[in-house]
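Per-entry structural report
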Amino acid sequence: MIQKLRLSRGTFEFRYLSIGAAIGIASLPVQLEQAGITALLDEIVSEMPAGLTAGALTVQERTALVVHYMSSTCGTPDFPIDGGDGNSQLKISDYLVYSQDYPCDSVSAGELGGDQWRVRQLTGDMAEAIERMDGVSRSGYMHWMFGCMAAQMYTESDTSIPDDIDPWLMTRIKMLESLSEADFFRLQVMWLQGREQLMHLFRLALHCKGSLVVLGGAGNMPARFLADSIVSSSTKKLVSVDA
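All values derive from a computational prediction rather than experimental measurement. (Residues numbered from 1 in each chain as written. Predicted model: local features only at pLDDT ≥ 70, side-chain atom pairs only at ≥ 80, totals over all residues. Heavy atoms only, no water.)

1. Here we look at empty space enclosed by the protein
Taken as a whole and judged by the stated rule, the model has two cavities of 30 Å³ or more. Roughly 110 Å³ of internal volume is contained in the largest cavity. Lining the largest cavity, in full, are Gln34, Ile37, Val59, Arg62, Thr63, Leu212, Val213, Val214, Ala223, Arg224, Phe225 and Leu226. The class makeup of the residues in the lining of the largest cavity is eight nonpolar, two polar and two charged. (1 Å grid on protein atoms, 1.4 Å probe; cavity = no way out; pocket = protein on both sides within 12 Å on 5 of 7 lines; lining within 4 Å. Points joined across faces, edges and corners; volume = space filled by probe spheres on them. Nonpolar A, V, L, I, M, F, W, Y, C, P; charged D, E, K, R; others polar.)

See the structure below:
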């Protein structure tokens, strides 16, 4: 039995991943990391707090749910993290910042261009939209930086996010691209400072090649906790043979 996970925004209940769902997740394109996490959470979270969905959760909350399932099913709650060099001594406890749970929806970032700006939490829906548009005009780190800033930065007169998020996000990215260099870099500093104030559960960062990672240990070693981390090697072999 998987224990419930209690976070500041509510309690989450879990069920075991079925073989059918595992095959579906293992079959997803590897570049669709955020879409894979949403698909995984829809399968393993049996009950969410009222009003929340896998897409409405922050990227950090989504990571916490994936990590909780991994800790509950891998046989070692404080499991080791592969640093990519085969010699990593870090464990999942080196990445967790559970003393800092969800602080608030947004924070004030300051004034720019006559507007008062705020920074909001980065949700799964936002991250999926950024992921879908990777390569449309830019790719990798540059795209993810513009995408995160476009999704998270807003003025106090422009707070709404439409259901059709992709064209909205692209419009906001183009708005950022139209700024002068000086204004853009001032806004970037405001975003970074606001993102730090919103930090919870994990320290989120952008990978140099794009996408999102969490940082852990004294050396800030990056790690990803993705949907296929939960899928067994046996299931992955089934999918590769079928392909």
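2. A short note on the environment of Thr63
Within the element layout of this structure, Thr63 appears in helix 3 (residues 59-73). The class for Thr63 is buried, based on a relative accessible area of 8%. For the pair Thr63 and Phe225, spaced 162 residues apart in the sequence, the C-alpha separation amounts to 6.5 Å. Excluding anything up to four places from it in sequence, Thr63 contacts Phe202, Val214 and Phe225. (Helix = DSSP H or I, 4+ residues; strand = E, 2+ residues; numbered from the N terminus. Buried < 20%, exposed > 50% of the residue type's maximum accessible area, 1.4 Å probe, protein only. Contact = heavy atoms within 4.5 Å.)

3. Describing the sheet that holds strand 9 (residues 221-223)
In spatial order, the strands read 7-8-9; together these three strands make up an open sheet with antiparallel pairing. The two strands at the open ends of the sheet, each matched to only one other strand, are strand 7 (203-206) and strand 9. Between one strand axis and the next, the sheet turns through 45° on average, direction left out of account. (Pairing = 2+ DSSP bridges. Axes fitted to C-alpha atoms, helices over the stretch in contact; angles between N-to-C directions.)

4. Quick notes on the side chain of Thr155
Relative to the helices and strands, Thr155 is located in strand 6 (residues 153-155). The contact partners of Thr155, leaving out residues within four places of it in the chain, are Asp115, Gln116 and Trp117.

5. Quick notes on the nonpolar core
Of all hydrophobic cores here, the largest spans 72 residues; its most connected members are Leu17 and Phe225. Apart from the residues lying within four places of it in its own chain, the contact partners of Leu17 are Ala22, Ile25, Leu40, Glu43, Ile44, Tyr69, Ile230 and Val231. (Core = buried A, V, L, I, M, F, W, Y, C linked by side-chain atoms within 4.5 Å.)

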